[in-house]
Amino acid sequence: MEDYKYLFKVVLIGNAGVGKTCLVRRFTQGLFPPGQGATIGVDFMIKTVEIGGEKVKLQIWDTAGQERFRSITQSYYHSADALVLVFDVTSTETFNALPSWLKEVEQYASPKVISVLVGNKIDLASDREVTNEEAETFADTHDMRLLETSAKESDNVDKLFLDIAVELTNNVRNSDIKNSLSEDPIRDHSSVSFCCRT
Amino acid sequence: MPGCCNCLSSCKPRYKRLVDSIFPADPEDGLVRSNMEKLTFYAVSHNEKLDRIGGYLAHRLDRDVYRQRIGYVVISMQALDQLLLACHAQSLNLFVESFLRMVHKLLESNMPELQILGTNSFVKFSQIEEDTPSYHRTYDFFISKFASMCHNNSDHAETRRKIRLAGLKGLQGVVRKTVSDELQVNIWDTTYMDKIVPSFLFNMNEGFDSHESPVHDHPEEKPEVLADSCLRDVMRRAAYANIHTVIKPVLKHLDLHELWVPNNFAIKVFKGIMYSIQSQYRYVTPHFLLLHLDEHMKNTPKIKRSIVEILKEIVAIAADGAVGPSVLEIFNTLLRHLRMSVDERLSGGQASSTDRSASSSKKTKQKFDENEEILFEEAIIDTIGAFANILPDYQKIEIMMFIMGKVPMPRDRSSTVLQEEDHPLSLEPKGEGDILVQDMLLKSLLEVGTKYTTVSMATTFPASFFQPLLNMSVITNPGIRVIVQEILHTLIDRRDNVIKLYANRGIVKNIADLELKCEKASRQDIMFMRKHGAEFQWHIFENLIRVKNTTKNFVAIYCTMALLCVELGTDDILVDLVKLALALQDHACDPNCKMPLTHLYAIHSIVAQYLNLIGQLTAIPSLCQHISQVIEERRKSAPYLLPPISVEDKVPATSPRGVAPDLLFHVDSISEALASSGHDVTRLSLPYIHVQEPQNVDTRPRSLTDVGSINVDFELLHSSPTAGRKRPPEEVTFESLKQVLISGINDSSAEDERQKRLDVLHSFQNSTLDELAAAADTRNEKWQQKLNDILDTVTKSPQTPAGSPTRPDPSTPLQFQSIPTYEMKFPELCVY
Ligand SMILES: Nc1nc2c(ncn2[C@@H]2O[C@H](COP(=O)(O)OP(=O)(O)OP(=O)(O)O)[C@@H](O)[C@H]2O)c(=O)[nH]1
Ligand SMILES: [Mg+2]
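These figures come from a predicted structure and were not determined experimentally.

Draft legend 1. Focus on the overall build of chain A. Scanning chain A from terminus to terminus reveals six helices and seven strands. Ordered by position in the sequence, the α and β elements of chain A form the string β-α-β-β-α-β-α-α-β-α-β-α-β. Here chain A holds 198 residues, and 53% of them are scored as buried. For chain A, the share of sequence-separated contacts (at least 6 apart) that also reach a separation of at least 24 residues comes to 74%. Carbon and sulfur atoms make up 47% of the accessible area of chain A, which amounts to about 8700 Å² in all.

Draft legend 2. Highlighting the overall build of chain B. What chain B contains, in helices and strands, is 35 helices and zero strands. With 832 residues in all, chain B has 54% of them scored as buried. A fraction of 77% describes how many contacts in chain B between residues 6 or more apart in sequence connect residues 24 or more apart. Total accessible area on chain B is roughly 36300 Å²; 54% of this is exposed by carbon and sulfur atoms.

Draft legend 3. View of the site of ligand 1. All names here are of chain A. Close to ligand 1 lie 22 residues, the nearest being Lys20, Thr21, Thr39, Gly65 and Asp123. The contact in question runs from an oxygen atom of ligand 1 to an N or O atom on the backbone of Gly19, over 3.0 Å. Measuring from an oxygen atom of ligand 1, one finds a side-chain N or O atom of Lys20 at 2.7 Å. A total of 640 Å² of accessible area belongs to ligand 1 in isolation, and the protein chains cover 86% of it. By residue number, the principal contributor to the shell around ligand 1 is helix α1 (residues 20–29), which donates three residues. Residue composition of the shell around ligand 1, by class: eight nonpolar, 10 polar and four charged.

Draft legend 4. Quick look at the interface of chain B and chain A. Listed as interface residues are 29 residues of chain B and, on the opposing side, 29 residues of chain A. Across the chain B/chain A interface, buried area totals approximately 2500 Å², and carbon plus sulfur atoms make up 54% of it. Applying the counting criterion to the chain B and chain A interface returns one salt bridge. Note that A:Lys57 and B:Glu108 form a salt bridge whose closest N and O atoms lie 2.7 Å from each other. At the boundary of chain B and chain A, one finds seven residue pairs in polar contact (both at pLDDT 80 or more).

Draft legend 5. Representation of the environment of B:Gly533 in the model. All names here are of chain B. Its place among the elements puts Gly533 in helix α25 (residues 523–544). Given a relative accessible area of 4%, Gly533 falls into the buried group. Spatially, the C-alpha atom of Gly533 lies 9.5 Å from that of Leu564, the residues being 31 residues apart in sequence.

Draft legend 6. Examining the side chain of B:Gln585 more closely. Residue and element names in this part refer to chain B. Among the structural elements, Gln585 can be located in helix α27 (residues 571–589). In terms of polar contacts, Gln585 uses its side chain to reach the backbone carbonyl oxygen of Phe665, at 2.7 Å. Excluding its chain neighbours within four sequence positions, the residues that come into contact with Gln585 are His604, Val607, Arg634, Leu664 and Phe665.

Draft legend 7. Broad picture of the coordination of the magnesium ion (ligand 2). All names here are of chain A. Taken together, the protein ligands of the magnesium ion (ligand 2) are Thr21 (OG1) and Thr39 (OG1), with distances of 1.9 Å. With Thr21 in helix α1 and Thr39 in the loop between α1 and β2 (42–51), this residue pair connects regions lying 18 residues apart in the sequence. Thr39 sits in the buried class, given a relative accessible area of 10%.

Draft legend 8. View of the confidence of the model for chain A. On average, residues of chain A score 89 in pLDDT, and 87% of them reach the 70 mark or higher. Confidence drops under a pLDDT of 50 for residues 190–198 of chain A, and excluding neighbours within four residues, the segment shows 23 contacts in the predicted structure.

Draft legend 9. Geometry of a negative patch on the surface. All names here are of chain A. There is a patch of like negative charges on the surface, built from Glu133, Glu134, Glu136, Asp140 and Asp143. With respect to the helices, strands and loops of the structure, Asp140 is situated in helix α5 (residues 132–141). On the basis of relative accessibility, which here comes to 55%, the residue Asp140 falls in the exposed class.

Draft legend 10. Structural detail: unusual backbone geometry. Residue and element names in this part refer to chain B. With an omega of -5°, the peptide bond running from Val261 to Pro262 counts as cis. Mapping Pro262 onto the fold places it in the loop between α11 (243–256) and α12 (264–276). The omega torsion across Pro643 and Pro644 is 5°, close enough to zero to call that bond cis. Note on placement: Pro644 falls in the loop between α29 (621–637) and α30 (667–676). Phi angles above zero are rare outside glycine, and Gln68 is one such case at about 55°. Secondary-structure assignment places Gln68 in the loop between α3 (47–66) and α4 (70–86). Using a relative accessible area of 37% as the deciding quantity, one classes Gln68 as partly exposed. Although it is not a glycine, Glu258 sits at a positive phi angle of roughly 50°. Following the sequence through the fold, Glu258 ends up in the loop between α11 and α12.

Draft legend 11. Helix α28 (residues 597–618) of chain B, seen in detail. Residue and element names in this part refer to chain B. Over its 22 residues, α28 extends 31 Å from the first C-alpha to the last, a length consistent with the 32 Å expected when each residue adds 1.5 Å. Counting buried residues in α28 gives 20 out of 22 residues, a clear majority hidden from the surface. Of the residues one or two after α28, Ala619 is the one with positive phi, at around 55°.

Cut-off values and rules
- Residues numbered from 1 in each chain as written.
- Chains lettered and ligands numbered in written order.
- Predicted model: local features only at pLDDT ≥ 70, side-chain atom pairs only at ≥ 80, totals over all residues.
- Heavy atoms only, no water.
- Helix = DSSP H or I, 4+ residues; strand = E, 2+ residues; numbered from the N terminus.
- Buried < 20%, exposed > 50% of the residue type's maximum accessible area, 1.4 Å probe, protein only.
- Contact = heavy atoms within 4.5 Å.
- Areas by Shrake-Rupley, 256 points an atom, 1.4 Å probe, with all protein chains shown as cover.
- Near = heavy atom within 4 Å.
- Polar contact = N/O pair within 3.5 Å; in protein donor to acceptor, adjacent residues only side chain to side chain.
- Nonpolar A, V, L, I, M, F, W, Y, C, P; charged D, E, K, R; others polar.
- Buried area = accessible area lost by both parts, 1.4 Å probe.
- Salt bridge = Lys/Arg side-chain N within 4 Å of Asp/Glu carboxyl O.
- Donors = N, O, S within 2.8 Å, 3.2 Å for Na, K, Ca; no water.
- pLDDT = per-residue confidence, 0-100.
- Patch = residues over 30% accessible without salt bridge, like charges linked within 9 Å, V, L, I, M, F, W, Y side chains within 5 Å.
- Lys, Arg positive; Asp, Glu negative; His and termini not counted.
- Charge placed at Lys NZ, Arg CZ, Asp CG, Glu CD.
- Expected span 1.5 Å × (residues − 1).

Here it is as structure tokens:
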């Protein structure tokens, strides 16, 4: 009587203040929290989505960007199915920190993890310090997908998580297929719908 | 059971109906108790149904959570809790799966009430001992979620406190549940402990600085209090192999949260660890701190000092358990840091300019602070003392030898002696670096020495320690020479006399005022002095004639001389000391002596002070009379020849270099006085001649005494009356030593021989067999001791440079045991 078919763990990482918590709350609660305080340690949210007619539960672990929590946050990388590496397009500093984040990922996360690069706060277009091209180049060289989002304007936020859910689901199905030739992979998430409040 | 009237409602299985019946129409009314009893009874008597009951309850709960019908959720959980407690059966296992799924469900909710509700149920569950372990069960989610709850950051303070408390209780529950059953989850895995330990520490620290009044709530309801006991709880349960999975996250947490400086929180944490860790593993904690100190090698001296200070704090708690199998490793690490700090100071902060890790780079950029380095070094020395304090005495000696082995020695004796700048063959002085290192290491040695209690001199001063120590005593730097004297003081002084001697800087009128504690020297000590007395004398003499001496040097050397007299000054040793004093006087009177006047006067003063002390101690009237007569003369016409000594004061240019005979002590008068009270003064007639003959260290007078002392030993063992016939009477030989040893009264050697024979005969006639055997035993022991001494020097003379900075991989604490050199040296210490 499980209420879902697949369960995936998604972990958000990135410098303090880039908007990780806002992205999660936008996705799970549909709101942009005013005056969102810095995350302490690790926060947890859950969201169940429907993909290809199947319920997929996403456990979302929103880590603190502050360096002092690094030891506890690193301990959450290990079991992540997907890592969302967030930077703030209005801050070069958060973009420049990406290599060291990737180093941590390499050190602590599972080799099978999928990682997605997210440039957040694109609504602040006039303050932009990191161009789309720069970000694309970085993502390419590191074999990641890039998505530019705005938690505030809800741009690309659902897509971010749903893409992840689709990719992870497909991965599981593909490995299932090795055993039994059955379902087709899902190509897009037009068939996706939300379900379940939390 | 009544018949068909139940037919309709029994479309549903009975267990479902029973479950439904516990829910009231209005959730406000709470659990229907009477029906709950029925359900419980049913479940207990139909074990096979338990599984389904659980499934059904879980199903209902899912729905209620979804619909946010909290009242019903609470009722479901109450029911689950009760069933869990009531049913101790095999089928509990399956029921538990449903149960945990429900807890999981509640924890996933973002409503604080539900999270707390779920946690409480989980805590109850953690207290139940299950009959059968379930291997497939994991607690990953629970641990992750509880750890997250421990960091809850709700705006509402009370909610925050409650959720954090729940998180802590939950983690405690997981630990409790898993720790006893290794077949289940290995809670000690780093993936778990890396979440659990920081969660505890975060909460401990959150409440650490706040001083809100503890009046209103129970201490157990404070996250910081609970977290503290959680950490201790984990520590208590940790087996040897698991300790590192707890302590490493602790260290990392303190690093990341920058909690080393100030270190009161860190001290609290480590004290907690020390008090709770299983006592046989206590020594591991200091080792981890030392490893961590190594990792902070390039960090600021402030942080390193904090770590070292914490070490000192916790060593006291561990008492003798803090050291463990690799004693030397501890001292080695501390000494290495001491050395590096000195190097850092010498290079003005350039020694460690190359950064290794990104985390440290920020800190090393801070400007070099010499004062901080000095404070760090002092902290190291303190901590060395704290470690030494908990060692048994025999190991303290080993440690002192170990430290001695690290002191940069003057290249050989010649360079020591010839270094003095005014010396005709002066070489370039040694680098400042060596001096600083010597200074620091000898201070450490002194620190260890003060913790050591001397019983017998021979044990305290094994040759491989004694020799280098004496070598250091004549090094150029006067400050270091003072430290060496202080080391000698603390090691020679057995009865706390040194403070009293230090306090008295003048001529004592009445020795009783000093309240010195004197006891007759033991035979072993006398043997030691026979063997090494001449060396002592040579070094004291050499020391006193150094032109760089400060007042401190004179005072310190006087104390050493006085201690030798108080502790060991019997018979011929006393005579030797008198001889030394007179030799110093002669030296100071020598017109060829090139010492400055201040120093000449200081030597005269010391001689006066010393002879006065000897006179008072021996209480030989004629001796005292002569000495006080000379002192009186000096007081009248030459007070500058009397203490207190101060070489820093200028003397008037008119001061005479020569000293009138009536202001000097006379060997004849002294000799007469000593002889009158039965001392053998033959050796006084043969003046002490100071040979500055550095190359032939071993042919200096000492060797003569050496031979003598060994012969005396022999003599006592086999008292053959024919031994030692062909001695040249005017020389100091084993025979003259023997005389002193045996009687000290008769000056006729023939008489002496006879007496001795009589003694031996007497002892054989009047002693029981047992007594003789016992006497033989003591002799044997002494032989054994001697043998050991020799073996000691043989085995230890190539000082093993155990100081190579190899250290075990921090991830494997087991390696602490496998440092072969130390194990060989300290087999007694190996706990395993
Ligand atoms: N304009 C704009 N502001 C945003 C956006 N997302 C987040 N912010 C703001 O950025 C600030 C930080 O957002 P958080 O979500 O708390 O950042 P975080 O990454 O969770 O930070 P830590 O928890 O400290 O690691 C807040 O003031 C948000 O209002 C966005 O898309 N656009
Ligand atoms: Mg956040």
